[in-house]
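Report on the structure
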Amino acid sequence: MESRSLRYFVAVAEELNFARAAERLGISAPPLSRAIRKLETDLGVTLFERTTHSVTLTPPGTVLLTEARFALDAFHAATRRAQRAADPHPKLVLAVKADGEAGLLESILARYATEPTALPVTIRLSGWGEQARLLRAGEADAALLYEPFDRTGLDAETVTVEPRIAAIPTTHPLASRTDLTLADLALPGVEEGNPHGLARYLDTIVERHGIADLPQLLTLVELGEVVTLLPKSVTTRYPRPGVTYRTLPDAPPATLSIAWPQHSCSTATAALVRAATSVT
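Worth saying up front: this structure is predicted, and the values here are computed from it rather than measured. In every chain, residue numbers begin from 1 and rise along the written sequence. Note on the predicted model: pLDDT of at least 70 is required for a residue's local features to be given, and 80 or more for side-chain atom pairs to be given and counted; whole-chain, interface and lining totals, by contrast, use all residues. Processing note: side-chain calculations cover all non-hydrogen atoms of the structure and skip hydrogens and water entirely.

Criterion used throughout: strands pair if DSSP finds at least two bridges between them. A run of H or I in DSSP counts as a helix once it spans at least four residues, and a run of E counts as a strand once it spans at least two, with each numbered from the N terminus. Read across the sheet, five strands follow the order β4-β3-β5-β10-β6 without closing on themselves; strand pairing throughout is mixed. Of all strands in the sheet, those bounded by a partner on one side alone are β4 (121-126) and β6 (154-162). In this sheet, neighbouring strand axes are inclined to one another by 25° on average, regardless of whether the strands run parallel or antiparallel. Where strand β5 (residues 142-146) and strand β10 (residues 254-261) come together, four bridges link them in antiparallel fashion. Residue L145 lies in a different strand from β10, and its bridge partner there is S257. Contacts are assigned to residue pairs that have any heavy atoms within 4.5 Å of one another. Interaxial angles span 0 to 180 degrees and are taken between N-to-C directions of axes, which are lines fitted to C-alpha atoms, for helices over the stretch in contact. Across the face of the sheet, helix α11 (residues 267-276) comes into contact with β3 (92-97), β5, β6 and β10 while running at roughly 170° to β10.

Structural data, given as structure tokens:
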């Protein structure tokens, strides 16, 4: 099976229309249709149910779509890594979200610089939840990111664990209390011992409000638009007159990890992992 056949299949599966898929691929519809027929023959399964008015995925097609996307991502990632390996001036790319490294980045890089196999480091500033994708796409060698995250194709080690702190508007009725509980905040789906529920809540408010960075999030807290939970290290670096920080003993802790591609053989990446896991 060729990567081209998979690209063709994914385009049709996502568009569910041969004409639109052909336009997206820059080819005409007849050769695309022939390519899909050949793929079905080679696999011995029907991938699409076709009528004069619609195209739908069959159960085998649904399974192949998930696997094909992963396979194409892996192919493109391998290509990027090979191209980067040919660079006469090799470097290590570390993906980090701004203010998403527990204030440890400088210490990690200083420790890494003492490693015999260390390379020059380029910091790739990433968006919310983007670090794992950059690793799988071959655009970064390692990433600092908070749990939980999609570990597909990745390995990871814990760097540090810290408490999470509630960030609420100073005008909030709860701001007058010293200690709070998750029950007091009543955040949807956020429960003690459930980091995935907290992650879904944070993703929801980020998507709903189009939040790009921490200052935007804190501005929304000041305005009374949202209540959120933050790693303690972040709150100490961002005092805001309109935001009150309160301890939250039953909140899921913030676990910072360093992740890297599962099959990486890079001694420079291994050295960075050693440095990151030894700074606390």
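Omega for the bond connecting E147 with P148 falls within 30 degrees of zero, at -5°, which places this linkage in the cis form. Turning to its location among the elements, P148 is positioned in the loop between β5 and β6. Residue A102 is not a glycine yet carries a positive backbone phi of 55°. Structurally, A102 can be placed in the loop between β3 and α5 (105-112). Notably, A186 is not glycine yet its phi reads approximately 55°, a positive angle.

Here we come to α11. Exposed residues in this analysis have more than 50% of their type's maximum accessible area, buried residues have under 20%, and partly exposed residues fall in between, with area computed by a 1.4 Å probe over protein chains only. Counting buried residues in α11 gives seven out of 10 residues, a clear majority hidden from the surface. Taken together, the buried positions of α11 are A268, T269, A271, L272, V273, A275 and A276. Each element contacted by the buried residues of α11 is listed here: β3, α5, β5, β6 and β10. In protein, a polar contact means a hydrogen-donor-capable atom and an acceptor-capable atom, both N or O and within 3.5 Å, with residues adjacent in sequence counting only if both atoms are side-chain atoms; elsewhere, any N or O pair within 3.5 Å suffices. A side-chain oxygen of the first residue of α11 lies 3.3 Å from the backbone nitrogen of A268; this N-cap is S266.

This next bit is on the sheet that holds strand β9 (residues 243-247). Read from one edge to the other, the open sheet built from three strands follows the order β8-β7-β9, with strand pairing classed as antiparallel. Only two strands of the sheet have a single partner each, and these edge strands are β8 (228-231) and β9. Between one strand axis and the next, the sheet turns by 40° as a mean value, whatever way the strands run. Relative to the sheet, helix α9 (residues 214-222) contacts β7 (164-169), β8 and β9, its axis offset from that of β8 by approximately 140°.

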